Amino acid sequence: MSILETKDVTRDYRMGGEIVRALAGVSISVEKGEFVGILGTSGSGKSTLLNMLGGLDRPSTGEIIFNGGSLAPLSSWQMSRYRLHSVGMIFQSFNLIPTMTARQNVSLALAFAGMSQKERRAKAMDLLQRVGLSARSEHRPTELSGGEQQRVSIARALANEPEILLADEPTGNLDSGRAAELIGFLNEMRRHENKTIVMVTHDQELIRPYADRTIKLKDGRVVETAGA
Amino acid sequence: MALAWRNLSQSKLRTVLTTIGVIIGVGAIITMVSLGLGLQKNIVNNALSRLDVYTRITVIGVSADELLAANEKQSDSDDTSVDDPGDTGSAAKSLPIIDDKAIARMQEISGVKYVVPQMSFVSFTRFNNRTRRVNIGGAPTTIPDYDAFDNLLAGTKFSSDDAQEAILTEDGLNLFNTDQVSPFGPGAGPRRVGARGGRRTIFPAAKTEEERQRDASQVIGKELVLLTLKSGVQPASLVTPQSNPLNDENDLSNDPRFERHVFKIVGVKNSVGAQVINLAGNAQVFIPMKQAKHYRESTRDTMAQMTQALAGDPGYPAAEVRVIDPSQVQPVEEKLRGMGFRAFSITNAIDAIRLIFLIINGSLALIGGIALLVASFGISNTMIMSIRERTREIGIMKAIGGSDGEIMKIFFVEASFIGLSGGVFGVVGGWTIDAIANFVVNKWVIASTTSIQFFSIPWYLWGGAITFAVFVSLIAAIYPAFRAAKVDPIKALRHE
């Protein structure tokens, strides 16, 4: 059984008076422990697809299936739990809360999971240490470099130990050195903790060393798959 | 919850301004209602501190005019028109006249300790070389439980019902020490006392306990002279144009028209702790009941005599019924009313006072509540602006797994912080204003030896105010919090 599947997913938007079809009948599946890359130019629908997988958005038609269970009948609250416990997302623009320190940003994810203050503190520090940022835990995002911010973001994504990590162009704002570091780190997660990685990128070269499979989207459709 | 605090402290100025609105609203409620409650407490406590009030029922008798009017009706009822169905035959019989027979009937009611008729009259008395017109009241001497003279400032009670003895009140004593000619004559009212100890006050300071006791004990044993006209004497004009019996002792003694009756002053009644409703018509001088009855007759004016001749005796103007303990007040009062007497006790008055204050306090609280309502709009505004600014933040929170409900909770907590802190500071502020006002009034407006508390803040006032403030702020947060929960995370994440 695949860990994540999409069955004929379509996503339409109303823009002005027109209907824009961002995804048209996309069916993919991801196995547990796979590192899958989703490629495409901007406007291809890759981010939309990732949002679906992350439970941030619902398809107009079709369904998303996680571990054999469809996300379609889930309530809004159940979807939030899915986002909290089952997936961890990292974004191109990091999406950290600027008024909070690194540690507080990570703690936030733990707070939503109902952890006590003391436990949160300990676990957040532990997570930051794993990404090598324990020394910078009390700094705010504006005081951190891009690479460091993204690492905080990863620590946050890992906080509630999700099975799946979704990354939307995570290296977009990083230099090549940091970018390579990041991908390497994600790969570590996959190898040592059997996490499933789905990464959206437009840079094929970047993920080629690591990805098991790549799926290419164009105009909302799957046009090519490569790899295993 | 820590998140909410942090969020609020981000925009301190905005939070503070919003909170000020709540503080003012709560402060207004506290200040105004505490004034109402304080006054109520003072008045009610003042009335109830006289322990005797708990056990006293006042029965009002029939006035001369009523008696005359009733007799009018009696003659009219000879014709066939039935004006008053209840008024048949002897009109006087249906009026609740308090005579000795009535007193005896009241005495028989179970639960009654004693019944004392109001027996008072106006007369001229002479003391300290001054002649004054005073109210003289008769006081019972044969009732063992009668306690009006238990707390004398100086002296003793009457020795017998027949004794030519007098007990003065402090007000009565003061009459003979000043230029006031009668209790309500010229010169009455608070006197503008000059600087007392360097403090100018609007009302003069009271004398100390020692001063009053000293002044009182000085008059014990002295003579008080009651003046009456010899019977059959036509008052006419002064004996000679030069004679001044009002002020000149010799002229008075030589004037054949007057009779002088000497009473010995044996006591001075304490004005502190005095009966609130003074049955003897606010008498300044008390003499034994038997003496009072005797002199009442001889001091009666012609109008009273005419009334009696024309319509009969209206009886005592009132009577005091004392019950054995407070639980008897209600049943005895009902029985008296059942007998047709007009009885009332202070509990009726207290109930009326309570109702009035309920209305007053309620209105004051309402006004304060309106201020709070206005503040709540401020809270709503603050929250909505805050949410607009934090749209991206809300999106992030949702993306990492925060549910709609959790987002809403965060904003509700923020709002309740404003309400709670505004409430607490409002209570503190209100209390401070009360304390300052209390101090100012006690120091500059009245001069009292003990400071009077004008304001009272019972627990239910500040507790209720704070609770109301929190409640109002939560209500104000409903719409904003819903808005926050409805934020679409994807759109929000694109937001800047």
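Residues numbered from 1 in each chain as written. Chains lettered and ligands numbered in written order. Predicted model: local features only at pLDDT ≥ 70, side-chain atom pairs only at ≥ 80, totals over all residues.

**Digging into the overall build of chain B**
Note the cut-off: A run of H or I in DSSP counts as a helix once it spans at least four residues, and a run of E counts as a strand once it spans at least two, with each numbered from the N terminus. Residue burial is a threshold on neighbouring C-beta atoms within 10 Å of the residue's own C-beta, all placed from the backbone, with 20 or more meaning buried, 12 or fewer meaning exposed, and counts in between meaning partly exposed. Note on contacts: each residue gets a C-beta atom placed from the backbone, and two residues are in contact if those atoms are within 7 Å.
Within chain B, the secondary structure is distributed over 16 helices and eleven strands. Residues classed as buried in chain B amount to 33% of the 496 residues present. Taking as baseline every contact in chain B between residues at least 6 positions apart, the subset at least 24 positions apart corresponds to 85%.

**Quick look at the overall build of chain A**
Along chain A, the regular secondary structure elements total seven helices and ten strands. Across chain A, every contact between residues at least 6 apart in sequence was considered, and the portion connecting residues at least 24 apart equals 68%.

**Structural notes on the sheet that holds strand E5 (residues 69-70) of chain A**
All names here are of chain A. Put simply, the test is: When DSSP finds two or more bridges between two strands, those strands count as paired.
Read across the open sheet, the four strands follow the order E2-E1-E4-E5; overall the sheet is antiparallel. For this open sheet the edge positions go to strand E2 (18-30) and E5, each flanked by a neighbour on one side alone. Sheet topology note: the strand E1 (residues 4-15)/strand E4 (residues 61-66) ladder contains five bridges and is antiparallel. Each residue of the ladder has a partner; that of Leu-4, found in E4, is Phe-66.

**Quick look at the environment of B:Leu95**
All names here are of chain B. Residue placement: Leu-95 occurs in the loop between helix H4 (91-94) and helix H5 (100-108). In this structure the C-alpha to C-alpha distance between Leu-95 and Gly-61, which are 34 residues apart in sequence, comes to 8.7 Å. Contacts of Leu-95, omitting those with residues within four sequence positions, involve Val-62, Glu-66, Leu-67 and Ala-70.

**Things to note about the nonpolar core**
Applicable threshold: The nonpolar core is taken to be a set of buried Ala, Val, Leu, Ile, Met, Phe, Trp, Tyr and Cys residues joined by way of C-beta atoms within 7 Å.
Within the largest apolar cluster, 103 residues are counted, with the highest numbers of intra-cluster contacts made by A:Ile38, A:Val106, A:Leu166, A:Val198, B:Val26, B:Ile29 and B:Ala465. The dominant element in this core, judged by the number of residues it contributes, is helix H15 (residues 459-485) of chain B, at twelve residues. Among residues more than four places away in sequence, those in contact with B:Ala465 are B:Val26, B:Ile29, B:Ile30, B:Gly423, B:Gly426 and B:Val427. Core analysis: the second largest hydrophobic core is formed by 53 residues, B:Val59, B:Val116, B:Val219 and B:Ala343 among them.

**Things to note about the interface of chain A and chain B**
One frequently used descriptor of interface size is the decrease in accessible area upon assembly of the parts. For clarity, the cut-off: Each residue gets one of three labels, nonpolar for Ala, Val, Leu, Ile, Met, Phe, Trp, Tyr, Cys and Pro, charged for Asp, Glu, Lys and Arg, and polar for the others, Gly among them.
Taken together, the contacts link 16 residues of chain A with 15 residues of chain B. Elements that contribute at least two residues to the side of chain A that touches chain B include exactly helix H2 (76-86) and helix H3 (102-112) of chain A. It is H2(A) that contributes the most residues to the side of chain A that touches chain B, five residues altogether. In terms of residue class, the side of chain A that touches chain B is built from eight nonpolar, five polar and three charged.

**Let's talk about the packing of H3(A) against helix H5 (residues 146-158) of chain A**
All names here are of chain A. As a reminder, the rule being used: Every axis corresponds to a line fitted to the C-alpha atoms, with the helix fit spanning only the stretch in contact, and the corresponding angles, defined between N-to-C directions, vary from 0 to 180 degrees. Here the angle decides the label: under 35 degrees means roughly parallel, over 145 means roughly antiparallel, 65 to 115 means roughly perpendicular, and every other value means oblique. If you view the pair so one helix is near and one far, a crossing is left-handed when the near helix is turned anticlockwise from the far one by less than a right angle, and right-handed when it is turned clockwise.
In the contact formed by H3 and H5, the axes pass within 8 Å of each other and the chain directions differ by 25°. Judged by the inter-axis angle, H3 sits roughly parallel to H5. Pair H3 / H5 crosses with right-handed handedness. Touching Ala-102, Asn-105, Val-106 and Ala-109 of H3 are Val-152, Ala-155 and Arg-156, all from H5. Class assignment for the residues of the contact of H3 with H5 results in five nonpolar, one polar and one charged.

**Quick notes on helix H9 (residues 289-298) of chain B**
One full turn of an α-helix is made of 3.6 residues, so residues set three or four places apart face in the same direction. Residues and elements named next belong to chain B. Test applied: The directions from the helix axis to the C-beta atoms form the arc being described.
Residues Met-289, Gln-291 and Ala-292 constitute the buried set of H9. The arc enclosing the buried residues of H9, seen along the axis, measures out at 150°, which places them on a common side. Against strand E4 (130-139) and strand E9 (285-288) lie the buried residues of H9.

**Observations concerning the sheet that holds strand E2 (residues 112-117) of chain B**
Residues and elements named next belong to chain B. An order of E2-E10-E1-E11 is seen for the four strands of this open sheet, with the pairing classed as antiparallel. The open sheet has two free edges, formed respectively by E2 and strand E11 (342-345), since each of these has just one partner strand. Across the sheet, the mean angle separating the axes of adjacent strands is 25° when strand polarity is ignored. In this structure, strand E1 (residues 56-60) lies alongside strand E10 (residues 318-323), joined through five bridges in antiparallel fashion. Paired with Ile-57 across the bridge in E10 is Val-321.

**Some words on the confidence of the model for chain B**
Detailed reading of predicted coordinates is not advised where the pLDDT is low. All names here are of chain B. Test applied: pLDDT runs from 0 to 100 and stands for how confident the predictor is about each residue.
Residues of chain B with pLDDT of at least 70 account for 80%, and the chain-wide mean is 77. Ranking the elements of chain B by mean pLDDT puts helix H1 (residues 2-10) last, at 57, and helix H13 (residues 391-399) first, at 90. Residue range residues 79-91 is modelled with pLDDT below 50. Its contacts to residues more than four positions away, or to other chains, number eleven contacts. Here residues 188-204 is a poorly scored stretch, pLDDT under 50, and it has 16 contacts once near neighbours within four places are set aside; other chains count. Listed scores for the predicted complex are pTM 0.62 and ipTM 0.90.

**What about the pairing of strand E7 (residues 223-229) of chain B?**
Residues and elements named next belong to chain B. Direction of pairing for strand E3 (residues 120-127) relative to E7: antiparallel, over a ladder of three bridges. From the neighbouring strand, Arg-126 faces E7, where its bridge partner is Val-225. Bridging between E7 and strand E8 (residues 258-269) involves seven bridges; their strand directions are antiparallel. Bridge assignment links Val-225 to a residue of E8, and that residue is Val-262.

**With respect to the packing of H5(A) against helix H6 (residues 176-193) of chain A**
Residues and elements named next belong to chain A. Where H5 meets H6, the closest approach of the two axes is 10 Å, and the angle between their N-to-C directions is 15°. On the basis of their axis angle, the class for H5 and H6 is roughly parallel. The two elements H5 and H6 cross, and the hand of that crossing is right-handed. Contacts from Gly-146, Gly-147, Gln-150 and Ile-154 of H5 reach H6 at Arg-178, Glu-181, Leu-182 and Phe-185. By residue class, the composition of the contact of H5 with H6 is three nonpolar, three polar and two charged.

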